[in-house]
Amino acid sequence: MAAPTFAMRDDSLDEPLADLLPRVRAAAERAERERRLPPELAAAMARAGVFRLAVPRALGGREAPVSTLLAVLEAIAHADGAAGWCAMIGATSAVVSAYLPEAEARAIWGEAPDVVTGGVFAPTGTAVEDGSDWRIAGRWRFASGCQHCDWLMGGVLVATDGRPQARLALFPAADARIIDTWDTAGLRGTGSHDIAVDDLRVPMARTVSLVDERPHAAGPLYAFPVFGLLALGIGAVALGIARRAWDELLALAGTKTPTGMHRPLAQRGAVQSEVAQATAELESARTWLCDTVGSAWNVALRGGALDLATRARLRLAATHATAAAARVTDRMYGAGGGTAIYAASPLQRCFRDVHVATQHMMVAQPTLELTGRVLLGVDADTSML
């Protein structure tokens, strides 16, 4: 299949990415076995600038176009789904750098060029005011890449004007406990364990509300909502996994002759039909995602805000891409027959990985209901769009 159709738009990434991808693929089995990215691979990804794609240029980041971000994530996920997922989490979580006061953002992202951030937006923690600090406590699930992060973040509920408000608190990774919980069917190499803190002081200036506050940094990238970027990143990772499954099936089809058959898979009508349908679905989903992102980017370039309908379409395109990627992977896994069930087959890993991606709340089934309500003009809670 052709290379990803997301336009890279940044030639300076070509060489670092070309050097990185073979390392990602070579480390995939170790990541799967150890249930985390190898530290040296995470460090190589940091040096390549993967985790700074969404950091403002004023802080030494790339502040890349959304299409560039998605192209990088898809390419890494094609090499290994777990590495692509960790790249997505690290890159999209760093968008918070645009929301923090500049002094706080510079202390985290401006002083260390290889800094890696991650964490969990869900407000499952609590915060109590104590002078100019919050004292926070909580436990957060699904903290992907937490073992290679320098800074972590966790959502907390605070009382503001008598009502609870969700804020995101940032703290050094060394201040958190990692609780080994990540024993899953797929994306095992992401190390998405639970993290927890107990009565930790966090300066109020190191917390943000991604719902009620606007970014301090200007630029078209920051016209995109953080949760929207997260969903788009998941879609790109899923497409990369599906494209890998497509490539693996085509390679297998030219060499495998099933037991009791006289022709290789590539000459069987059923396989030809599966490949054709998978190709059409994968390319269609990616093209619609590219077009939707491109239209929104053009609005952002003109300095415009992304209206509710645009944000809904971005989420719908990301959700559709993720679901389509899972269906394509299913087709390729099925066409691979008995070969696909062995641990040595990349097809089985693609199958497991993509079906974990579909479970993320940003692209799971309920997002179809939410975006459908928006498109129909029905009242909906759109704070997460």
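Calculation rules
Residues numbered from 1 in each chain as written. Predicted model: local features only at pLDDT ≥ 70, side-chain atom pairs only at ≥ 80, totals over all residues. Heavy atoms only, no water. Helix = DSSP H or I, 4+ residues; strand = E, 2+ residues; numbered from the N terminus. Rg over C-alpha atoms; globule rule 2.2 N^0.38 Å. Contact = heavy atoms within 4.5 Å. Areas by Shrake-Rupley, 256 points an atom, 1.4 Å probe, with all protein chains shown as cover. Lys, Arg positive; Asp, Glu negative; His and termini not counted. Charge placed at Lys NZ, Arg CZ, Asp CG, Glu CD. Patch = residues over 30% accessible without salt bridge, like charges linked within 9 Å, V, L, I, M, F, W, Y side chains within 5 Å. Salt bridge = Lys/Arg side-chain N within 4 Å of Asp/Glu carboxyl O. Core = buried A, V, L, I, M, F, W, Y, C linked by side-chain atoms within 4.5 Å. Buried < 20%, exposed > 50% of the residue type's maximum accessible area, 1.4 Å probe, protein only. Expected span 1.5 Å × (residues − 1). Phe/Tyr/Trp six-rings, centres within 6.5 Å; stacked < 30°, edge-to-face > 60°. Pairing = 2+ DSSP bridges. Axes fitted to C-alpha atoms, helices over the stretch in contact; angles between N-to-C directions. Disulfide = S-S within 2.5 Å. Polar contact = N/O pair within 3.5 Å; in protein donor to acceptor, adjacent residues only side chain to side chain.

Turning our attention to the overall build of the protein. When its secondary structure is counted, the protein shows 11 helices and seven strands. Rg of the C-alpha trace for the protein: 21 Å, near the compact-globule value of 21 Å for 385 residues, within the 12% margin. Counting only C-alpha atoms, the protein reaches 75 × 45 × 40 Å along its principal axes. In the protein, of all internal contacts separated by at least 6 residues, the share reaching a separation of at least 24 is 73%. When the accessible surface of the protein is split by element, carbon and sulfur atoms take 54% of a total near 15800 Å². With 37 positive and 41 negative side-chain charges, the protein shows a separation of 4 Å between the mean positions of the two kinds.

This part takes up a negative patch on the surface. A cluster of acidic residues, D11, D14, E15 and D19, forms a negative patch at the surface. Structurally, E15 is set in helix α1 (residues 14-26).

Let us now look at the nonpolar core. Grouped together as the largest cluster of nonpolar side chains are 125 residues, with contacts concentrated most on L20, I136, F224 and L232. In terms of residue count, helix α7 (residues 226-253) provides more of this core than any other element does, 18 residues in total.

Looking now at the pattern of salt bridges. With the rule as written, the count across this model stands at 22 salt bridges. Measuring nitrogen to oxygen at the nearest pair gives 3.7 Å for the salt bridge that ties R57 to E63. A relative accessible area of 12% means that E63 is categorised as buried. Linking E104 and R206 is a salt bridge whose minimum nitrogen-to-oxygen distance equals 3.2 Å. You can see E104 sitting in helix α6 (residues 102-110) and its partner R206 sitting in the loop between β6 (193-203) and β7 (207-208), a full 102 residues away along the chain. A relative accessible area of 18% places R206 in the buried class. Taken together, the shared-partner salt bridges connect D130, D133, R135, D199 and R201 into one network.

It is worth spelling out helix α9 (residues 308-335) at this point. Taking 1.5 Å as the rise per residue, α9 with 28 residues should run 40 Å; its terminal C-alpha atoms sit 41 Å apart, in good agreement. Taken from the residues just after α9, G337 is the one with a positive phi, measuring 65 degrees.

Enumeration over the complete set of coordinates arrives at five aromatic pairs. Measuring from ring centre to ring centre gives 6.1 Å for W140 and F171, while their planes differ by 35 degrees; the resulting arrangement is tilted. Linking W140 in strand β2 (residues 133-143) with F171 in strand β4 (residues 163-172), this pair joins segments that are 31 residues apart in sequence. What makes W140 buried here is its relative accessible area of 0%. Relative accessible area serves as the criterion here: at 1%, F171 is assigned to the buried category. Ring geometry for F224 and W297: centres 6.1 Å apart, planes at 40 degrees, overall tilted. One end of the pair, F224, is in the loop between β7 and α7; the other, W297, is in helix α8 (residues 269-301), and 73 residues separate them in sequence. Just as F224 is buried, W297 falls in that class too.

With that settled, consider the sheet that holds strand β1 (residues 117-130). With mixed pairing, the seven strands of this open sheet are ordered in space as β5-β6-β2-β1-β3-β4-β7. The open sheet has two free edges, formed respectively by β5 (177-179) and β7, since each of these has just one partner strand. Pairing geometry for β4 and β7, over two bridges, is antiparallel. The residue of β7 that forms the bridge with L168 is V208. The strands touched by helix α5 (residues 81-93) are β1 and β3 (151-160); relative to β1, the strand with the most contacts, the crossing angle is about 45 degrees.

Note on terminology: disulfide describes a covalent bond linking the sulfur atoms of two cysteines. A complete count under the given rule lists zero disulfides for this structure. Lacking any disulfide linkage, C146 is separated from the closest cysteine sulfur, that of C149, by 6.9 Å. When its relative accessible area of 2% is taken as the criterion, C146 is described as buried. Between C350, a cysteine without a disulfide, and C86, which holds the nearest cysteine sulfur, the sulfur-to-sulfur distance is 16 Å.

It is worth spelling out the environment of D198 at this point. Along the polypeptide, D198 turns up in strand β6. Here D198 falls in the exposed class, since its relative accessible area comes to 54%. Residues D198 and R244, 46 residues apart in the sequence, show an inter-C-alpha distance of 42 Å. Ignoring sequence-local partners within four residues, the contact set of D198 consists of I136, A137 and R177. Only 2.9 Å separates the side chain of D198 from the side chain of R177, close enough to count as a polar contact.

This part takes up the pairing of β1. Judged from the six bridges that link them, β1 and β3 form a sheet pairing that is parallel. By the bridge assignment for β3, G119 is matched with M153. Looking at chain direction, β1 and β2 are connected through six bridges and run antiparallel. From the neighbouring strand, A127 faces β2, where its bridge partner is I136. Between β1 and β2, which follow one another and run antiparallel, lie two residues, and G131 among them has a positive phi close to 65 degrees.

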